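# Report on the structure
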Amino acid sequence: MISARVLIRPKEGILDAQGKAVEGALPALGFEGIEHVRVGRIVELQAEDDRRLGELCEKLLANPLIEDYEIEIL
C-alpha cells in the first residue's frame, strides 16, 4: 500500500471566506502582524496504486474550478 497526503487550497485570487474570518479574529486574540491567511484541508489516504490519485482529486476531493491540490507520496 502507498500512503499519500493531498493538500487542497483555494486558488490564488479566489475569495477564501474561512481564511478571512480567521485573519479577522487574529488581532482580538493577540496575534498581530499575520496577513494573507488561507485555509485549506488535508486528506490522508492509502492506495494500492498512486496512478489515479490525480483523477480522484479532480473528480471528488477538490473542486478544480476554485481549488488547487498537491499530492505527496509519503
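For the structure itself, consult the block above.
Residues numbered from 1 in each chain as written. Predicted model: local features only at pLDDT ≥ 70, side-chain atom pairs only at ≥ 80, totals over all residues. Heavy atoms only, no water.

## Focus on the overall build of the chain
- Per the secondary structure count, the chain includes two helices and three strands.
- When the helices and strands of the chain are read in sequence order from the N terminus, they spell out β-α-β-α-β.
- For a compact globule of 74 residues, the expected C-alpha radius of gyration is about 11 Å, and the chain comes in at 15 Å, more than 25% above that figure.
- Considering only C-alpha atoms, the chain reaches an extent of 45 × 25 × 15 Å along its principal axes.
- Taking the contacts inside the chain whose residues are at least 6 apart along the sequence as the reference set, 69% of them involve residues at least 24 apart.
- Per element, the accessible surface of the chain, about 5500 Å² overall, is 54% carbon and sulfur. (Helix = DSSP H or I, 4+ residues; strand = E, 2+ residues; numbered from the N terminus. Rg over C-alpha atoms; globule rule 2.2 N^0.38 Å. Contact = heavy atoms within 4.5 Å. Areas by Shrake-Rupley, 256 points an atom, 1.4 Å probe, with all protein chains shown as cover.)

## Considering the pairing of strand 1 (residues 2–10)
- In terms of strand pairing, strand 1 meets strand 2 (residues 41–47) through seven bridges, oriented antiparallel. Its bridge partner lying in strand 2, L7 is registered against I42. (Pairing = 2+ DSSP bridges.)

## Here we look at a nonpolar patch on the surface
- On the surface, L29, F31 and I34 cluster together to form a nonpolar patch covering roughly 310 Å² of accessible area.
- Position of F31 relative to the elements: it lies in the loop between helix 1 (17–25) and strand 2.
- For F31, a relative accessible area of 45% translates into the label partly exposed. (Patch = residues over 30% accessible without salt bridge, like charges linked within 9 Å, V, L, I, M, F, W, Y side chains within 5 Å. Salt bridge = Lys/Arg side-chain N within 4 Å of Asp/Glu carboxyl O. Buried < 20%, exposed > 50% of the residue type's maximum accessible area, 1.4 Å probe, protein only.)

## Thoughts on the sheet that holds strand 3 (residues 67–73)
- Across the sheet, three strands lie side by side as 2-1-3; this open sheet has antiparallel pairing. Each edge of the open sheet is held by one strand with a lone partner, namely strand 2 and strand 3. Each strand of the sheet is rotated relative to its neighbour by a mean of 20 degrees, with strand direction disregarded.
- In this sheet, strand 3 lies alongside strand 1 in antiparallel orientation, the contact comprising seven bridges. Residue pairing in the sheet places R5 in a bridge with E72 of strand 3.
- Along the sheet, helix 2 (residues 53–61) contacts strand 1, strand 2 and strand 3; its crossing angle with strand 3, the most-contacted strand, is approximately 145 degrees. (Axes fitted to C-alpha atoms, helices over the stretch in contact; angles between N-to-C directions.)

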